[in-house]
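The lines below spell out each chain.
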Amino acid sequence: MTEATAGKDQQHPLYNRDRPLIDILLSQEATDYNLAELARLRMRYQGFPGARDIQKDLDKVLQQWGLTEAELFEKTRQIHDLGGIYKSRGKKDEQDWN
């Protein structure tokens, strides 16, 4: 990494799509769908060198819901084991990794 890019925050390519979702999570309860969304977004932004406001707000949602990250991931593993939390818009058994 050059000195010019060292320490400079990057713009996440999905920031503009994710920001409204995070604002919704901040104002809603911990439903199965919202838990899955929070876990998905935490994984997306984990270690990302930028989007500090999103990372801070994801931490805030966890705190509002009274969960640790480990508890969140355990709950969402159980939710995904049951299946059907994300309804596919296309082929059956298709996974959405966006």
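Residues numbered from 1 in each chain as written. Predicted model: local features only at pLDDT ≥ 70, side-chain atom pairs only at ≥ 80, totals over all residues. Heavy atoms only, no water.

In the nomenclature of an unreviewed UniProt entry, the chain is known as DUF3288 family protein of Nostoc cf. edaphicum LEGE 07299.

(A) Spotlight on the environment of Ser27. Checked against the element boundaries, Ser27 lands in helix H1 (residues 15-27). Along the backbone, Ser27 and Gln64 are 37 residues apart, and their C-alpha atoms lie at a distance of 9.7 Å. Within the local environment of Ser27, its side chain forms a polar contact with the backbone oxygen of Ile24, the two atoms lying 3.0 Å apart. (Helix = DSSP H or I, 4+ residues; strand = E, 2+ residues; numbered from the N terminus. Polar contact = N/O pair within 3.5 Å; in protein donor to acceptor, adjacent residues only side chain to side chain.)

(B) Inspection of the packing of aromatic side chains at higher detail. Applying the stated rule across the entire model yields 2 aromatic pairs. Ring geometry for Tyr33 and Tyr86: centres 5.7 Å apart, planes at 70°, overall edge-to-face. Residue Tyr33 is located in helix H2 (residues 32-45), and its partner Tyr86 is located in the segment after helix H4 (69-82); the two are separated by 53 residues in the primary sequence. Since its relative accessible area comes to 41%, Tyr33 is described here as partly exposed. Note on Tyr45 and Phe48: the rings are 6.4 Å apart at their centroids and 85° apart in plane angle, and the pair reads as edge-to-face. Phe48 carries the same exposure label as Tyr45, and that label is buried. (Phe/Tyr/Trp six-rings, centres within 6.5 Å; stacked < 30°, edge-to-face > 60°. Buried < 20%, exposed > 50% of the residue type's maximum accessible area, 1.4 Å probe, protein only.)

(C) Inspection of the environment of Glu74 at higher detail. Turning to its location among the elements, Glu74 is positioned in helix H4. Classification of Glu74 as partly exposed rests on a relative accessible area of 36%. Along the backbone, Glu74 and Ala39 are 35 residues apart, and their C-alpha atoms lie at a distance of 9.9 Å.

(D) Geometry of the packing of H2 against helix H3 (residues 52-64). H3 packs onto H2 with a crossing angle of 145° between their chain directions and a minimal axis gap of 10 Å. By crossing handedness, the relation of H2 to H3 is classed as left-handed. Taking contact as the criterion, the partners of Leu38, Leu41, Arg42 and Tyr45 in H2 are, on H3, Ile54, Gln55, Leu58, Asp59, Val61 and Leu62. In terms of residue class, the contact of H2 with H3 is built from 7 nonpolar, 1 polar and 2 charged. (Axes fitted to C-alpha atoms, helices over the stretch in contact; angles between N-to-C directions. Left-handed = near helix turned anticlockwise from the far one by under 90°. Contact = heavy atoms within 4.5 Å. Nonpolar A, V, L, I, M, F, W, Y, C, P; charged D, E, K, R; others polar.)

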